[in-house]
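This is what each chain is made of:
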Amino acid sequence: MTEKRRKPQQWILLGLTAVVLLALLTGRDWIEQAQQPDSLLLPPLPCDLHQGNCIASRGNQLLQLSLTPRPLESSQPISIEVRLQHLDARQVMLDLQGVEMYMGLNQTQLTQDPERPEIWRGTTELAVCTTGEMTWRASVYVDTAEQLYSTAFDFDAR
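So, a few notes on the structure that sits alongside this text. Only a predicted model underlies this, so the values are computations on that prediction, with no experimental measurement involved. (Residues numbered from 1 in each chain as written. Predicted model: local features only at pLDDT ≥ 70, side-chain atom pairs only at ≥ 80, totals over all residues. Heavy atoms only, no water.)

1. Notes on the side chain of N106
Stage number 1. Considering the arrangement of structural elements, one finds N106 in the loop between strand 5 (89-98) and strand 6 (107-109).
Stage number 2. At 2.8 Å, the side chain of N106 and the backbone oxygen of E125 are in polar contact. (Helix = DSSP H or I, 4+ residues; strand = E, 2+ residues; numbered from the N terminus. Polar contact = N/O pair within 3.5 Å; in protein donor to acceptor, adjacent residues only side chain to side chain.)

Given below as structure tokens:
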């Protein structure tokens, strides 16, 4: 009779273990999501940063990104300019990441133009890729008192 009692207990213990593992896995994802700040996406319009400025917008909110000089190349100083409309930013940051491979941390906190508060500027540089050409993702983050906004533009550089 003890063996008959053990078998149901083993199944109960196995079921409880599975439930706990599932809760831990689900809970971990939930905790990670809760720790990450939510950002509102400003959908980007099709563009080529080698040819000109790129724009992302949502309703009357607009973000325009310019990277110069063109064409964009690795190991060369790059001037960043972000123009905002209907976004009262406290901070603006540009994050450059390699799409195909990790190229290190490349984040630039932009400075607001004191005479034209809708314009934010900074400088950065692209790391050299050993494969010759690299696809980069330029993500812009705009922190306002109400919301964090983000957008991203992809481009290739040698």
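2. Examining the state of the cysteines
Stage number 1. Going through the model one piece at a time under the given rule, you end up with one disulfide.
Stage number 2. At a sulfur-sulfur separation of 1.9 Å, the disulfide partner of C47 is C54. Across the S-S bond of C47 and C54 the torsion is about 100 degrees, and the bridge reads as right-handed.
Stage number 3. Assessed through its relative accessible area of 0%, C54 is described here as buried. (Disulfide = S-S within 2.5 Å. Buried < 20%, exposed > 50% of the residue type's maximum accessible area, 1.4 Å probe, protein only.)

3. Quick look at the pairing of strand 10 (residues 148-157)
Stage number 1. In terms of burial, strand 10 is largely enclosed, as seven of its 10 residues are buried.
Stage number 2. Judged from the three bridges that link them, strand 1 (residues 39-41) and strand 10 form a sheet pairing that is parallel. Bridge assignment links S39 to a residue of strand 10, and that residue is L148.
Stage number 3. Relative to strand 10, strand 9 (residues 134-144) is paired through 10 bridges, and the arrangement is antiparallel. (Pairing = 2+ DSSP bridges.)

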